[in-house]
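Fold and contact review
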Amino acid sequence: MHKAEKNISILGCGWLGFPLATYLVEKGFSVKGSTRTAHKNQLLGLKGVHPYLIDIDQMSSIDSEFFATDVLVVAIPSKNSEGFVQLIAQIEQTSLQNVIFISATSVYPPSKEVVKESDATLDTPLARIEELFMNAKGLNTTIVRFGGLYGPGRNPGNFFKNGRVIQNPEGVVNMIHQEDCLAIIHEIIQRGVENDIFNACGDTHPTRRVFYTNAKQKLGLDAPAFEEGQPIVVKEISSEKLKRKLKYAFKYADILHS
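I will try to describe carefully the structure that is included in this document. What you see is a predicted model; the values in this text were computed from it and never measured. (Residues numbered from 1 in each chain as written. Predicted model: local features only at pLDDT ≥ 70, side-chain atom pairs only at ≥ 80, totals over all residues. Heavy atoms only, no water.)

Observations concerning the overall build of the protein
- Check the secondary structure of the protein and you find 7 helices and 11 strands.
- The C-alpha atoms of the protein give a radius of gyration of 19 Å, which matches the 18 Å a tight globule of 258 residues would have.
- For the C-alpha atoms alone, the extent of the protein along its principal axes is close to 55 × 40 × 40 Å.
- Long-range contacts, defined as pairs at least 24 residues apart, comprise 76% of the intrachain contacts of the protein with a sequence gap of at least 6. (Helix = DSSP H or I, 4+ residues; strand = E, 2+ residues; numbered from the N terminus. Rg over C-alpha atoms; globule rule 2.2 N^0.38 Å. Contact = heavy atoms within 4.5 Å.)

Quick notes on the packing of aromatic side chains
- For the structure on display, the rule yields 9 aromatic pairs.
- Aromatic pair Phe66 and Phe67: ring centres 5.9 Å apart, planes at 70°, arrangement edge-to-face.
- Residue class for Phe66 comes out buried when judged on its relative accessible area of 0%.
- According to the relative accessible area criterion, Phe67 is buried, its value standing at 3%.
- Their ring planes at 85° and their centres at 5.0 Å tell us that Phe160 and Tyr212 sit as a pair that is edge-to-face. Residue Phe160 is found in the loop between strand S7 (148–150) and strand S8 (165–166), and its partner Tyr212 is found in helix H6 (residues 208–218); the two are separated by 52 residues along the sequence. The exposure classification of Phe160 matches that of Tyr212, with both residues buried.
- Feature note: the residues Phe159, Phe160, Phe211 and Tyr212 constitute an aromatic cluster, connected by ring pairs. (Phe/Tyr/Trp six-rings, centres within 6.5 Å; stacked < 30°, edge-to-face > 60°. Buried < 20%, exposed > 50% of the residue type's maximum accessible area, 1.4 Å probe, protein only.)

Examining the sheet that holds strand S1 (residues 7–11)
- With parallel pairing, 7 strands are arranged side by side in an open sheet as S3-S2-S1-S4-S5-S6-S10. Both outer strands of the open sheet, strand S3 (50–53) and strand S10 (197–200), are each paired with one neighbouring strand and no more. Direction aside, the axes of adjacent strands within the sheet are offset by 20° on average.
- As defined by bridge partners, strand S2 (residues 30–35) adjoins S3 across 4 bridges and the pair is classed as parallel. From the neighbouring strand, Ser34 faces S3, where its bridge partner is Tyr52. (Pairing = 2+ DSSP bridges. Axes fitted to C-alpha atoms, helices over the stretch in contact; angles between N-to-C directions.)

Structure follows, in structure tokens:
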């Protein structure tokens, strides 16, 4: 069980970070959260979150109080490696030890085999930022590679609008619901996991054709258009390590019926 006084800082209270902040407050944690606008910070304050204005793309320094925490969750979409270099340099000057970095399964190349955490990643900005955290002096970084995100405000039926053609229809999807994202991060904090990597997406992997046709039908929209005749590109992500090590059962395991 966590202690009531345990502190969490969340860098980036956007689509994922904001509900995570309120979720952890409800679980009894003391939470600090950052956004890039004063208006969003007011909303954080109303939810019992201690707000900070931080933009690592335009950063000189960060209030050291933000880093006075048991766990820092980094949940920002920036791919600015230089911004992260500066951020990590500031973190290394503090007593902060534990970081959870929110990444994505996009770091992996296509594969004929089911993709595991031990598999090689692409040389992308996101993968390089992962390396920065893993190599940072004195930091215990756990990386969570989420699949495609869906949930409140992100309905897959709306992902392809205005006649946009969906490529690779026979490739599979790797998706995860927001509620599972929040619960997984909470579980990592609860268990005190350090220096690890987890893939995280629902148990089922329907084709893009089946998944997006189903998503459009649920909204009463016309069936999507697909680009036919192209080579099939497959990348099926395994979350078995996460389920085994965290003893986690997905709330939205079957992504076709959630």
